[in-house]
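Inside the fold
Chain by chain, the residues:
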Amino acid sequence: MVGLALAFAAGCLAGSVTALLHTKLNIQPLLSGILVMLGLYSINLRVMDGRANIPLLNKATVFSLLQGTPLEESAALLIPTIILLSMLVLLFLFLKTQFGFVLRATGDNDQMVRALGVNTDRVILIGLALSNALVALSGSLIAQYQSFADISMGIGMVIIGLASVIIGEVIFGTTPLLRRLVAVILGAVLYRLVIALALELGMAPTDLKLISALIVTLALSMPSIKAYLIAWKKKHSSPYSRKGGQA
Amino acid sequence: MLIIESLSKTFNPGSINEKLALDNITLSLQPGEFLSIIGGNGAGKSTLLNCISGVYPMDQGRIILDSMDISYRPEYQRSRYIGRVFQDPMLGTAFDMTIEENLAIAYARGKSRGLKPGIRKAEAKLFQEHLARLELGLEDRMKQKVGLLSGGQRQALTLLMATIVEPRLLLLDEHTAALDPAIAQRVLQLTREIVSRYHLTTIMVTHNMKAALEYGNRTIMMHEGRIILNLQGAEREEMTVEKLVQLFGLKSGAELDNDRLLLI
Ligand SMILES: Nc1ncnc2c1ncn2[C@@H]1O[C@H](COP(=O)(O)OP(=O)(O)O)[C@@H](O)[C@H]1O
Ligand SMILES: [Mg+2]
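Since the model is a prediction, treat every value here as computed from it, not as a measurement.

A word on the overall build of chain A. Across its full length, chain A carries 11 helices and two strands. The N-to-C order of helical and strand elements in chain A reads α-α-β-α-α-α-α-β-α-α-α-α-α. Within chain A, buried positions represent 29% of all 247 residues. Taken as a whole, chain A presents about 15500 Å² of accessible surface, with 71% of it coming from carbon and sulfur. Between the averaged position of the 18 positive side-chain charges in chain A and that of its 10 negative side-chain charges there is a distance of 15 Å.

Take a look at the structure:
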């Protein structure tokens, strides 16, 4: 429990650093994130006493909270679900507040938000701190669940997260807000199901990153593919092409 | 009341692209004065508005709004007192949020934004009344995303957002230039209604000479970063677009780029 809280706080800190690199030193957002991740690799190694892998067996975790109760068997499902649902509700309520509005609008159009009297640098700071805190919380949950922490646990996670968001939004829609939040969660579950299915069908676990990359490429190129399809349909339904002329 | 003293701005100083965009501009607006600005492409009109609103730092000069020296305040602080509508209809709103959410953000201008609910019931009702006055049917679409609106509807909404908390100064930068003539006319009408309802001190840059003379109570013409003509009172009353074009040639020694300025 304390571990989760500490992870949350550490994530806040990391996110704030990213935000400051971006807003005060004018480094591009994506690059700021990459820089912080790079630096964190060393910091994480230090936190882990220089070891790449630390077993957490027999340590108290959130999952051991239920030990000795009738719910012990289902702790692995129950506890993350409770945490997920409470985060969903909190996030929904937060995004419906005055500050939540400003946070969402800054993502859309920061110029407008500044024109309405808001310090967007501060909004970006709080937004990145919060989002990174959630990421750190997830990481610490995973470590507690699998009973070890590994230095390479987070590699490729940005892409997986992106894939989950896109899959969820494409399949389940984005309006209204609550639907969008649920869509992102379902997207993440769906992504894992697809991966599980691929493994079931005999795919080598080492090929997983390639699959992830393909899924994200597909998802990101959705709009372009749609545009091509529409253009293709137009071409083939025009009278000229039917007569065999070159339209 | 707005006072601008000896405002200068050079872009890319010391490079080959050095450009003196504002050359020692001095200008003041009485409370409730509605100034229109015309001038050719690159005359410095947008730069003037951007220096007033704090988008660009200025090189020299002072800007005083209602006896506050705002010369060195950051953009977001000035925005508590200054309402703005941009030329590009995409810039004034958050496209992925609903009409009422956009209005709620505008309605909290100048207040701190905490964890209070984004929209209260009473506010939603107020927004609906304001929207109804635009006569664009937006009052029935409050929960729709702004991304679904046309350019003209967005500009009308942005105008409402810029004024729903009464600003001390309203800056309009060719806010109808990107619109079809009919809806541009409607947005101009709305501008006049709103400005006169609250007696807003207003600066409107326009590419339309006729509108510049028709709207507001004073007109200036800019050329190469300077004010070359100041029209008000009887002289402005009697001014026609033809005479204005002639005056431009006389004062600037240049041909007017007709393709951009609308003469009719
Ligand atoms: N951000 C900028 N960087 C460099 N030059 C600029 C910038 N903004 C405007 N300028 C230059 O300053 C001059 C005035 O531009 P602007 O104020 O946009 O003119 P107007 O709005 O009257 O058409 C132009 O020559 C333009 O190229
Ligand atoms: Mg301009």
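That shown, we press on.
The next thing to look at is the overall build of chain B. The helix and strand inventory of chain B stands at nine helices and 10 strands. Relative to the 2.2 N^0.38 estimate, which gives 18 Å for 264 residues, the radius of gyration of chain B is 19 Å and therefore close to what a compact globule would have. Across its three principal axes, chain B shows a C-alpha extent of roughly 55 × 40 × 35 Å. Sorting the 264 residues of chain B into buried and exposed places 54% on the buried side. Considering only residue pairs separated by 6 or more positions, chain B has 67% of its internal contacts joining residues 24 or more positions apart.

It is worth spelling out the side chain of T47 of chain B at this point. Residue and element names in this part refer to chain B. With respect to the helices and strands, T47 occurs in helix 1 (residues 45–53). Among the residues examined, T47 registers a relative accessible area of 11% and is labelled buried. Look past the residues within four positions of T47 in its chain and what remains in contact with it is K9, F11, A21, L22 and Y56.

As a further point, take the site of ligand 1. All names here are of chain B. Every one of the 13 residues lining ligand 1 counts as a neighbour, but G42, G44, K45, S46 and T47 are closest to it. Within the side chain of K45, one N or O atom sits 2.9 Å away from an oxygen atom of ligand 1. S46 is positioned with one of its side-chain polar atoms (N or O) 2.8 Å from an oxygen atom of ligand 1. Starting from 560 Å² of accessible surface for ligand 1 in isolation, the protein chains cover 67%. Going through the elements one at a time, strand 2 (19–29) and helix 1 are the ones with two or more residues in the shell around ligand 1. In terms of residues, the shell around ligand 1 owes the most to one element, helix 1, which gives three residues. When grouped by side-chain class, the residues that make up the shell around ligand 1 number four nonpolar, seven polar and two charged.

Turning next to the interface of chain B and chain A. How big an interface is tends to be reported as the loss of accessible area on association of its parts. Facing the 32 residues of chain B at the interface are 22 residues of chain A. Approximately 2400 Å² of surface area, both sides summed, lies buried where chain B meets chain A, with 57% of it carried by carbon and sulfur atoms. Counting across the chain B and chain A interface gives three salt bridges. A salt bridge links R180 of chain A to D96 of chain B; the nearest nitrogen and oxygen atoms lie 3.1 Å apart. Taken together, the links from chain B to chain A amount to 14 residue pairs in polar contact (both at pLDDT 80 or more). Mapped onto the side of chain B that touches chain A, the elements with two or more residues apiece are helix 2 (75–78), strand 6 (82–85) and helix 3 (99–107) of chain B. Take the side of chain B that touches chain A: its biggest share by element is five residues, from helix 3 of chain B. Tallied by class, the residues present in the side of chain B that touches chain A amount to 16 nonpolar, seven polar and nine charged.

Below, the discussion takes up helix 3 (residues 75–95) of chain A. All names here are of chain A. Here helix 3 contains 21 residues, and its C-alpha end-to-end distance of 30 Å stays within 8% of the 30 Å for a straight helix at 1.5 Å per residue. All of the buried residues in helix 3 are A75, I79, I83, L88, F94 and L95. Close packing links the buried residues of helix 3 with helix 1 (2–23), helix 4 (98–108), helix 6 (120–146) and helix 8 (177–200).

Right, let's get into the pattern of salt bridges. Going through the model one piece at a time under the given rule, you end up with 19 salt bridges over all chains. In this structure, K145 of chain B and D96 of chain B form a salt bridge, with 2.9 Å as the shortest nitrogen-oxygen distance. Taken together, the residues span a long stretch of sequence, with K145 of chain B in the loop between helix 4 (121–134) and helix 5 (151–163) and D96 of chain B in the loop between strand 6 and helix 3 at a distance of 49 residues. With relative accessibility at 14%, the residue K145 of chain B sits in the buried group. With a closest N to O distance of 3.9 Å, E224 of chain B and R226 of chain B form a salt bridge. What emerges from the salt-bridge pattern is a single network uniting D110 and R114 of chain A together with E75 and R84 of chain B.

Moving on to the domain arrangement of chain A. All names here are of chain A. Split by domain assignment, chain A resolves into domain 1 (1–153) and domain 2 (156–238). For domain 1 versus domain 2, the separation of C-alpha centres amounts to 23 Å. Carbon and sulfur atoms supply 92% of the area that domain 1 and domain 2 bury against each other, a total of about 670 Å² over both sides. Seen at the junction of domain 1 and domain 2, the total is zero residue pairs in polar contact (both at pLDDT 80 or more). No other element matches helix 3, which puts five residues into the side of domain 1 that touches domain 2. In terms of residue class, the side of domain 1 that touches domain 2 is made up of seven nonpolar, no polar and two charged.

Thresholds applied
- Residues numbered from 1 in each chain as written.
- Chains lettered and ligands numbered in written order.
- Predicted model: local features only at pLDDT ≥ 70, side-chain atom pairs only at ≥ 80, totals over all residues.
- Heavy atoms only, no water.
- Helix = DSSP H or I, 4+ residues; strand = E, 2+ residues; numbered from the N terminus.
- Buried < 20%, exposed > 50% of the residue type's maximum accessible area, 1.4 Å probe, protein only.
- Areas by Shrake-Rupley, 256 points an atom, 1.4 Å probe, with all protein chains shown as cover.
- Lys, Arg positive; Asp, Glu negative; His and termini not counted.
- Charge placed at Lys NZ, Arg CZ, Asp CG, Glu CD.
- Rg over C-alpha atoms; globule rule 2.2 N^0.38 Å.
- Contact = heavy atoms within 4.5 Å.
- Near = heavy atom within 4 Å.
- Polar contact = N/O pair within 3.5 Å; in protein donor to acceptor, adjacent residues only side chain to side chain.
- Nonpolar A, V, L, I, M, F, W, Y, C, P; charged D, E, K, R; others polar.
- Buried area = accessible area lost by both parts, 1.4 Å probe.
- Salt bridge = Lys/Arg side-chain N within 4 Å of Asp/Glu carboxyl O.
- Expected span 1.5 Å × (residues − 1).
- Domains from an automatic or database assignment.

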